[in-house]
Amino acid sequence: MRRLALLCSVAMLAPGLALAQQFCAIDGQPPAVRPPATVQTAPVNNSDRNVYPVIGAEEIARSPALTRIASKGATLLDLGTDDGIRTVFAYLGESMEVFHVTGSGRYAVRSGRLMDMAEPDPAKRDLTMRRASIIPGVLPAVDMRGQPASQEGAQATAPQAQDGNTVLAQLETAPQAQDGNTVLAQLEKADYGVAGRPDAPRLYAFIDPLCSFSVRLIEALRPHIAGGRIQVAIVPLALIDHETAGRSTPAAQTLLSQPSEAMDSSWRGMVDAVRAKRADTFAPTDEGRSRLARNMALAASLQVQAAPTLVWRQADGTPRAQMGGQDIDRVIASLTGAQR
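A quick note: this is a predicted structure, and the numbers were derived from the prediction, not measured.

J.: Before we move on, can you summarise the pairing of strand E13 (residues 309-313) with the specific residues and values?
T.: Across the five residues that make up E13, a large majority, four, are buried. When strand E10 (residues 202-207) meets E13, the two strands line up antiparallel, connected through four bridges. Bridged to leucine 203 within E13 is tryptophan 312.

J.: Now, about the sheet that holds E10: what can you tell me, with residues and values included?
T.: Strand pairing in a sheet relies on backbone hydrogen bonds. The paired strands run either parallel or antiparallel. Strand order in the open sheet formed by five strands is E9-E11-E10-E13-E14, with mixed pairing between adjacent strands. Looking at the sheet topology across the chains shown, the edges are occupied by strand E9 (193-195) and strand E14 (319-323). Put simply, the sheet's adjacent strands are angled 20° from each other on average, direction ignored. Pairing analysis gives six bridges linking E10 to strand E11 (residues 231-236), with the strands arranged parallel. Paired with phenylalanine 206 across the bridge in E11 is valine 235. Packed on one face of the sheet, helix H8 (residues 180-188) meets E10, E13 and E14 and runs near 110° to E13. In this fold helix H13 (residues 328-336) packs onto E10, E13 and E14, with an angle of close to 25° to the strand it touches most, E13.

J.: Explain the side chain of arginine 320 to me, using residue names and the numbers behind them.
T.: Looking at the secondary structure, you find arginine 320 in strand E14. This buried residue, arginine 320, is left without a salt bridge; aspartate 316 holds the nearest opposite charge, at 7.7 Å. Polar side-chain contacts of arginine 320 include one of 3.3 Å to the side chain of glutamine 314.

J.: Can you break down the sheet that holds strand E6 (residues 107-110) residue by residue, with the values?
T.: Ordered by their spatial adjacency, five strands build an open sheet running E3-E4-E5-E6-E7, and the pairing between neighbours is antiparallel. Strand pairing shows two members of the sheet lacking a second neighbour, strand E3 (75-82) and strand E7 (113-116), which therefore form its edges. Going from strand to strand, the sheet's axes swing by 30° on average, the running direction of each strand aside.

J.: Describe the pattern of salt bridges, listing the residues and the values that go with them.
T.: Applying the stated criterion to the full structure yields 15 salt bridges. Here arginine 222 and aspartate 264 are joined by a salt bridge, their closest N and O atoms 2.8 Å apart. Of this pair, arginine 222 sits in helix H9 (residues 212-226) while aspartate 264 sits in helix H11 (residues 263-275), placing them 42 residues apart in sequence. As a salt-bridge pair, arginine 330 and aspartate 327 come within 3.2 Å of each other at their nearest N and O atoms. What you see here is one network of salt bridges that share partners, running through Asp191, Glu287, Arg291 and Arg294.

J.: I'd like to hear about the packing of aromatic side chains, residue by residue, with values.
T.: One pass over the structure, following the stated rule, counts two aromatic pairs. Taking the centre distance of 6.1 Å and the plane angle of 55° together, the rings of phenylalanine 89 and tyrosine 91 count as tilted. Across the pair, exposure class does not vary: phenylalanine 89 and tyrosine 91 are buried alike. Ring plane angle 85° and centroid distance 5.8 Å describe the contact between tyrosine 192 and tyrosine 204, whose orientation is recorded as edge-to-face. With tyrosine 192 in the loop between H8 and E9 and tyrosine 204 in strand E10, this pair connects stretches of sequence that are 12 residues apart. An identical accessibility class is assigned to tyrosine 192 and tyrosine 204; each is buried.

J.: Kindly report on H9, identifying the contributing residues and their values.
T.: Between the first and last C-alpha of H9 there are 21 Å, a value that for 15 residues agrees with the 21 Å anticipated at 1.5 Å per step. Among all positions in H9, only Phe213, Ser214, Val215, Leu217, Ile218, Leu221, Arg222, His224 and Ile225 are buried.

Reading the values: the criteria
- Residues numbered from 1 in each chain as written.
- Predicted model: local features only at pLDDT ≥ 70, side-chain atom pairs only at ≥ 80, totals over all residues.
- Heavy atoms only, no water.
- Buried < 20%, exposed > 50% of the residue type's maximum accessible area, 1.4 Å probe, protein only.
- Helix = DSSP H or I, 4+ residues; strand = E, 2+ residues; numbered from the N terminus.
- Pairing = 2+ DSSP bridges.
- Axes fitted to C-alpha atoms, helices over the stretch in contact; angles between N-to-C directions.
- Contact = heavy atoms within 4.5 Å.
- Lys, Arg positive; Asp, Glu negative; His and termini not counted.
- Salt bridge = Lys/Arg side-chain N within 4 Å of Asp/Glu carboxyl O.
- Polar contact = N/O pair within 3.5 Å; in protein donor to acceptor, adjacent residues only side chain to side chain.
- Phe/Tyr/Trp six-rings, centres within 6.5 Å; stacked < 30°, edge-to-face > 60°.
- Expected span 1.5 Å × (residues − 1).

This is the structure in structure tokens:
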């Protein structure tokens, strides 16, 4: 069975690839995320990664958080401390993550979630989810097919679908790749707009409409769309509200309020207005808001935390994924089977 590693957390940094990556990050970290494992990359020696001080065994033993992160042999690098919060880079083979550890050594923040690293039960470790889940409406009432689920079902399944421990679990155990065919089947039922011939090979693109790298991606793809070579399924997300004063959410909702075939032209008009410094004219509908909530839940289940993220099926049937809009010619060739 073909499998697709689609763990696209922005905190998974890969030295040496920063200049190749082209995406906007969910938490504003520098764009230095490695592509998923389905994309071939040059091997990196472990010693090449140790550009920051390696945290020693004695210091790790004094910290519950560091002890848990390093429990299966991960190497920990000290990226510095700011206002008592220590930034730690952890890697084990090709599994990598960044943690922000509190001064007590018990708690760590990863991907925006506060984790109690001394808690032995993984189901109780995510304090953010435990505390916020009792607020009505915090857990999306959707299943992974993008269809409304019962409130009872949502309460039972949503925390697992958006488990914040995925990358930490990779550091503690062997990585588990997702079935790429299952991922593509989920994407077929996502809320997206289409641009291109309906019979052309399809490229799914998770985008944030106000992300400059997402805009560059679609502009690079439009000649291929116009030439009938590909169809692009535009899957809007809202990932950079922290950079846009909260404007990414209404922008994505506005796109998702449009008919599928009109989404690309609507996005083009939105970008033109931003470049001309005209006032926003976002007009999200209730349906657009619901569609964005479904897309965000799906993206969370796939650990998509940066835009653009691309998913497609190669001409030979193999599922592929890539974070960022780099090397589009290679992506197109892979999708269509054409020689570069």
